[in-house]
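# Architecture at a glance
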Amino acid sequence: MVYRPRTRSSKKVSWKTKDFQKKKHPNKRLSKYGNKQVWEEKTVSLQQLFEITLKRLHTLGNQKFGSSPFCEHFDRWLLNVEAVLDEFEAQPDVNIDEQFTKERNQIVTEIKLQLDNRRQQENSLEIQINNVSDAKNRLQQTKKEYVAKALILKNKKIVTVKRLNKELETLKEEQEQIIKIKTGFFRGVTKKEREKREALTMQRYSDKQQELEVTVLDFKEKQKQLREEYENRCIPLLGEVKAFQKCTKEMDDDSSLEERWFACEALSDAINNFLQRKISKPPASS
C-alpha cells in the first residue's frame, strides 16, 4: 500500500519530543527482552496500547530539530520511530497481521529514502555556502578593477577634452586676428592672402571642433563598454551570491518536517486500519 500524503494544517506545533524510552506512564512499566523494550501488561487495555502508540507517532511527526545541519538528527529520529513501532508490535495482544507489516515496512522505507535525499541536498547546500566566500572576493575584486579603470578613463577624458578646447581657443584667436586684418588694421597683407588664411583657419577650427565631438563620443563609448564588461563579469558572481542567500535561507528551514509528518500520519493510518480489522475480525472458535 502506498500511502498518500494528506493536506497538513498550517498550525505549527511548538512542543518538543521527549525520549520515548524514558517517558513514563502511570499505567505501564518497562522491561527488556533481548534488544527490544516492551510493555509488560499490567492494567493497560488494547485500546490504550493503540492510543499510546498513536500519541508517540503524532509527537514524532511534529518534532522540530533545533538548528542546521538538520540531517544530523535524521538517524536518531528514525531510530525513535522504529522503536515506537517495535514496542507496539512486541505486545502479546497486538498480533500484527501481514497487511500491517507490509504497509509499515513500505512507509518506513519511503521516509528513509526521502531523508537520504534531504541529507544529500543539505550536504550540497553546505558545499555551496563554503564556496560563496570565493565568489564574494571575486566580486569585490571586480568592483575595484572597474572603479580603477573608470577613474583612469575619466581623467584621460578630462585631459584630452581640455587640450582640444585650448586648441580651439587658439584657433579662435587666429580667426580674430584675420578679422582685424580684414578691417584694415594690418593693411600690408594682400586680400588673397587674407582669404587664404581665413579659409585655412576656419577649416582647422572646424576640424578641431569635429575632433572634439568625436573624442567625447569615443570616451562615452569606452565608458559604456567598460560598464558592460563590468556587468557581464558581475552577473554570474551576483548569481552565486544570490544563490548563497537562498541556500542560507534553506539551511535555516527544516525542509524534512513536512515529509516526517506525512510519514507518521501514514503510520498512524496503518495502525488505525489494523485496529479496525482486529475489532471486526470474528473471535477464533475454541
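Since we're looking at a predicted model, the values are computed, not measured.

Turning our attention to the overall build of the chain. For the chain, the count of helices and strands is five helices and two strands. When the helices and strands of the chain are listed from N to C terminus, the series reads β-β-α-α-α-α-α. Considering only residue pairs separated by 6 or more positions, the chain has 80% of its internal contacts joining residues 24 or more positions apart. For the chain, the computed accessible surface area is about 19,100 Å², with 52% contributed by carbon and sulfur atoms.

In this section: helix H1 (residues 46–61). Here H1 is 16 residues long and its end C-alpha atoms lie 23 Å apart, about the 22 Å a rise of 1.5 Å per residue gives. Burial in H1 covers these residues: Leu49, Phe50, Ile52, Thr53, Leu54, Arg56, Leu57, Thr59, Leu60 and Gly61.

Once that is clear, we can look at the pattern of salt bridges. Scanning the model with the defined rule gives 14 salt bridges in all. Residue arginine 233 pairs with glutamate 145 through a salt bridge whose shortest N-O separation is 3.0 Å. With a gap of 88 residues between them, arginine 233 in helix H4 (residues 191–252) and glutamate 145 in helix H3 (residues 98–182) connect regions that are remote in the sequence. Look at arginine 233 and you get partly exposed, because its relative accessible area is 36%. Ionic pairing is found between glutamate 167 and lysine 208, a salt bridge with its closest N-O pair at 2.5 Å. Taken together, the residues span a long stretch of sequence, with glutamate 167 in helix H3 and lysine 208 in helix H4 at a distance of 41 residues. Exposure remark for glutamate 167: the relative accessible area of 26% places this residue in the partly exposed category.

Turning our eyes to something else, we now look at unusual backbone geometry. Notably, asparagine 95 is not glycine yet its phi reads approximately 50°, a positive angle. Along the chain, the position of asparagine 95 falls in the loop between helix H2 (74–89) and H3. For asparagine 95, a relative accessible area of 54% gives the class exposed.

Under the counting rule described, the total for this entry stands at seven aromatic pairs. The interplanar angle of 65° and the centroid separation of 6.1 Å between the aromatic rings of phenylalanine 88 and phenylalanine 100 together place this pair among those described as edge-to-face. Of the two residues, phenylalanine 88 is situated in helix H2 and phenylalanine 100 in helix H3; the sequence distance between them amounts to twelve residues. The same class applies to phenylalanine 88 and to phenylalanine 100, which are both buried.

Taken as a whole, the chain shows an average pLDDT of 77; of its residues, 73% reach a score of 70 or greater. Here strand S1 (residues 29–33) stands out as the element of the chain with the lowest mean pLDDT, 38, in contrast to H2, whose mean of 93 is the highest. Ignoring residues within four places in sequence, the model shows residues 1–5, a span with pLDDT below 50, making twelve contacts including any to other chains. In this model, residues 9–43 is a region of pLDDT below 50 whose contacts with residues beyond four sequence positions or in other chains number 56 contacts.

Trp77, Phe88, Leu267 and Ile271 are the most contacted members of the largest nonpolar core, which totals 28 residues. Elements that contribute at least two residues to this core include exactly H1, H2, H3 and helix H5 (257–280). Top contributing element to this core by residue count: H5, with eight residues. Beyond its immediate sequence surroundings of up to four residues, tryptophan 77 is in contact with Leu60, Gln63, Phe65, Ile111, Leu115, Arg260 and Cys264. Core analysis: the next-biggest nonpolar cluster, separate from the first, contains seven residues, Leu139, Tyr146, Leu226 and Cys234 among them.

Once that is clear, we can look at the side chain of asparagine 62. Looking at the secondary structure, you find asparagine 62 in the loop between H1 and H2. According to the relative accessible area criterion, asparagine 62 is buried, its value standing at 4%. Only 2.8 Å separates the side chain of asparagine 62 from the backbone oxygen of histidine 58, close enough to count as a polar contact.

Thresholds, definitions, all that
- Residues numbered from 1 in each chain as written.
- Predicted model: local features only at pLDDT ≥ 70, side-chain atom pairs only at ≥ 80, totals over all residues.
- Heavy atoms only, no water.
- Helix = DSSP H or I, 4+ residues; strand = E, 2+ residues; numbered from the N terminus.
- Contact = heavy atoms within 4.5 Å.
- Areas by Shrake-Rupley, 256 points an atom, 1.4 Å probe, with all protein chains shown as cover.
- Expected span 1.5 Å × (residues − 1).
- Buried < 20%, exposed > 50% of the residue type's maximum accessible area, 1.4 Å probe, protein only.
- Salt bridge = Lys/Arg side-chain N within 4 Å of Asp/Glu carboxyl O.
- Phe/Tyr/Trp six-rings, centres within 6.5 Å; stacked < 30°, edge-to-face > 60°.
- pLDDT = per-residue confidence, 0-100.
- Core = buried A, V, L, I, M, F, W, Y, C linked by side-chain atoms within 4.5 Å.
- Polar contact = N/O pair within 3.5 Å; in protein donor to acceptor, adjacent residues only side chain to side chain.

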